[in-house]
Amino acid sequence: QEEVSKQLSPRSEKIHAVADLINNDSTKNIIVLTGAGLSTAAGIPDFRTPGTGLYDNLQKYNLDDPTDIFTLSYFKKKPHAFFELTKDFISKDYKPTASHYFIKLLEDKNILLRNYTQNIDALEVKAKISADKLVQCHGSYDTATCLRCRESYKDINVVKEHLMRDKIDIPYCNKKEGCRGVIKPNVVFFGEDLPERFVSMVKPDCRKCDLMIVIGTSLTVYPVASIPGFVNSDCPRVLINMDLGGDFTKSSKFKNDYFLQGDINEIVLKMCDYLGWTQDLEKLIRQE
Ligand code: CNA
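Keep in mind that this is a model prediction, so the values were computed, not measured.

### Description of the sheet that holds strand E5 (residues 152-153)
- Pairing within the open sheet is antiparallel, and its 3 strands lie in the order E5-E4-E6. With partners counted over all chains shown, the strands left at the sheet margins are E5 and strand E6 (183-187), one partner each.
- Where strand E4 (residues 139-146) meets E5, 2 bridges bridge the pair, whose relative direction is antiparallel. Its bridge partner being in E5, threonine 145 is matched across the sheet by serine 152.
- Docked against the sheet, helix H4 (residues 80-90) engages E4 and E6, running at close to 60° with respect to E6.

The structure is reproduced here in structure tokens:
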């Protein structure tokens, strides 16, 4: 904490210092690691913000622990809670935030190596970040798998149709005679393996990374929370978040850490203003 705060001069100076790093000619391979905080401005609650976070608002499900709702053993016994939450989520048309488009802008400027996202809302896809530039570390709702026969459902509408009925109808598999396994969207639950794409890409990407920008995550869910620690020790790292988290607090190895504390969109818009990117950003937003 002390080490990080030493670098913290008045906020706009810090924002400008980070913007200068982004704009530096030698910066060519930026990794942006994102979490649920990126999408709160779109109206999607995160997990852990006291009061508004999902973990403080699951009373109706009578869970022993709020993480049960994303735990495989619980889901196998009681899939209703997760599907009710999913129904609520898929019935709304959430829009990407300005900060999602900022990541797209980094791609357009040819300096985005990759966006590793923990989010399952696919707002990165809506913001048109290319599939090649995106790693959805915790999966997505786009596809689903039968938990019994492991057959893949490439069309998530099979699940959606069941959920959108008046009373939630659990989607059961009919690919093989008599299977009747529950069809689970391919979002990664606690204790499940992360997608192969994450496993194979994360370390090589981090070796190439020359600027790590972490946005809107408490850095508590592993292995993703380890990503900022995989970059070379001379790589500058930036955390844009309400609170400090992960190894940004006790970074002995990393000497170039920046903590931009505050509201994500506010900070990103100030950064774009300083970079002279505001018009480009607005153009992307308008193209929505
Ligand atoms: P988290 O633990 O809830 O942390 C979110 C962080 O963002 C917290 O530190 C907040 O203080 C911070 N934050 C929230 N809003 C803002 C804001 N406007 N400005 C600045 N900071 C803000 O969530 P993590 O992403 O760290 O946890 C990983 C989980 C959350 C992943 O498995 C996700 O799948 C899961 N999740 C995803 C979504 C989504 O897809 N939108 C929503 C809720 C949870």
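Still to come is the rest of the account.
### Focus on the site of the ligand
- Arg48, Asp121, His138, Thr217 and Ser218 are the nearest of the 27 residues found near the ligand.
- For the ligand, an oxygen atom lies 2.8 Å from a polar atom in the backbone of glutamine 118.
- In the environment of the ligand, an oxygen atom lies 2.7 Å from a nitrogen or oxygen atom belonging to the side chain of threonine 217.
- Relative to its unbound accessible surface of 860 Å², the ligand loses 92% to contact with the protein.
- Each residue belonging to the shell around the ligand can be placed in one class, and the counts come to 9 nonpolar, 13 polar and 5 charged.

### A few points about the packing of helix H5 (residues 98-108) against helix H10 (residues 278-286)
- Close contact between H5 and H10 brings their axes to 9 Å; oriented N to C, the two are set at 110°. The pairing of H5 with H10 is recorded here as roughly perpendicular in orientation. Handedness of the H5/H10 crossing: right-handed. Seen from H5, the contacting residues are Ala98, Tyr101, Phe102, Lys104, Leu105 and Asp108; seen from H10, they are Asp280, Leu281, Leu284 and Ile285.

### With respect to the layout of surface pockets
- Of the voids in this model, the second largest pocket is the one considered here, and its volume is about 310 Å³.
- Broken down by secondary-structure element, the contributors of at least two residues to the lining of the second largest pocket are H4, helix H6 (123-126), E4 and helix H7 (157-163).
- Classifying every residue of the lining of the second largest pocket by side-chain character gives 10 nonpolar, 2 polar and 6 charged.

### Some thoughts on the side chain of threonine 27
- Within the secondary structure, threonine 27 sits in the loop between helix H2 (11-23) and strand E1 (30-34).
- When near neighbours in sequence (up to four residues on either side) are disregarded, threonine 27 contacts Leu21, Ile22, Ile111, Asp210 and Leu211.

### Details of the UniProt feature "binding site: Zn(2+)" (unreviewed entry) in the chain
- In this structure's numbering, the residues bearing the UniProt feature "binding site: Zn(2+)" (unreviewed entry) are Cys146, Cys149, Cys173 and Cys179. Despite a sequence span of 34 residues, these residues sit close together in the fold, their greatest C-alpha distance being 8.9 Å.
- Leaving out residues up to four positions away in the same chain, cysteine 173 has contacts with Cys146, Cys149, Tyr153, Cys179, Arg180, Gly181 and Ile183.
- The contacts of cysteine 179, once residues within four sequence positions are left out, are Cys146, Arg148, Cys149 and Cys173.

### Considerations on unusual backbone geometry
- Following tyrosine 222, the chain continues to proline 223 via a peptide bond in cis, the omega torsion being 5°.
- Summarising the element assignment, proline 223 is placed in the loop between strand E7 (211-215) and strand E8 (237-241).
- The phi dihedral of leucine 219 is positive, around 50°, even though this residue is not glycine.
- Assignment of secondary structure puts leucine 219 in the loop between E7 and E8.
- Since its relative accessible area comes to 4%, leucine 219 is described here as buried.

### Focus: the sheet that holds strand E3 (residues 134-136)
- In spatial order, the strands read E3-E2-E1-E7-E8-E9; together these 6 strands make up an open sheet with parallel pairing. Taken across any chain shown, the strands that pair with only one partner, and hence form the sheet edges, are E3 and strand E9 (257-261). Taken over all neighbouring pairs, the strand axes of this sheet differ in orientation by 15° on average, direction set aside.
- Where E7 and E8 come together, 4 bridges link them in parallel fashion.

### Observations concerning the pattern of salt bridges
- Inspection of the entire model under this criterion finds 14 salt bridges.
- In this structure, lysine 104 and aspartate 108 form a salt bridge, with 3.3 Å as the shortest nitrogen-oxygen distance. Pair noted here: lysine 104 and aspartate 108 are both in helix H5, with a separation of 4 residues, about one helical turn.
- The exposure class assigned to aspartate 108 is partly exposed, which follows from its relative accessible area of 41%.
- Of the charged contacts in the structure, one is a salt bridge between glutamate 266 and lysine 270, with a shortest N-O distance of 4.0 Å. Residue glutamate 266 and its partner lysine 270 are located together in helix H9 (residues 264-275), separated by 4 residues, close to a single helical turn.

Cut-offs used in this document
Residues numbered from 1 in each chain as written. Predicted model: local features only at pLDDT ≥ 70, side-chain atom pairs only at ≥ 80, totals over all residues. Heavy atoms only, no water. Pairing = 2+ DSSP bridges. Helix = DSSP H or I, 4+ residues; strand = E, 2+ residues; numbered from the N terminus. Contact = heavy atoms within 4.5 Å. Axes fitted to C-alpha atoms, helices over the stretch in contact; angles between N-to-C directions. Near = heavy atom within 4 Å. Polar contact = N/O pair within 3.5 Å; in protein donor to acceptor, adjacent residues only side chain to side chain. Areas by Shrake-Rupley, 256 points an atom, 1.4 Å probe, with all protein chains shown as cover. Nonpolar A, V, L, I, M, F, W, Y, C, P; charged D, E, K, R; others polar. Parallel < 35°, antiparallel > 145°, perpendicular 65-115°, else oblique. Left-handed = near helix turned anticlockwise from the far one by under 90°. 1 Å grid on protein atoms, 1.4 Å probe; cavity = no way out; pocket = protein on both sides within 12 Å on 5 of 7 lines; lining within 4 Å. Points joined across faces, edges and corners; volume = space filled by probe spheres on them. UniProt positions renumbered as here; feature names shortened; annotations may be inferred. Buried < 20%, exposed > 50% of the residue type's maximum accessible area, 1.4 Å probe, protein only. Salt bridge = Lys/Arg side-chain N within 4 Å of Asp/Glu carboxyl O.

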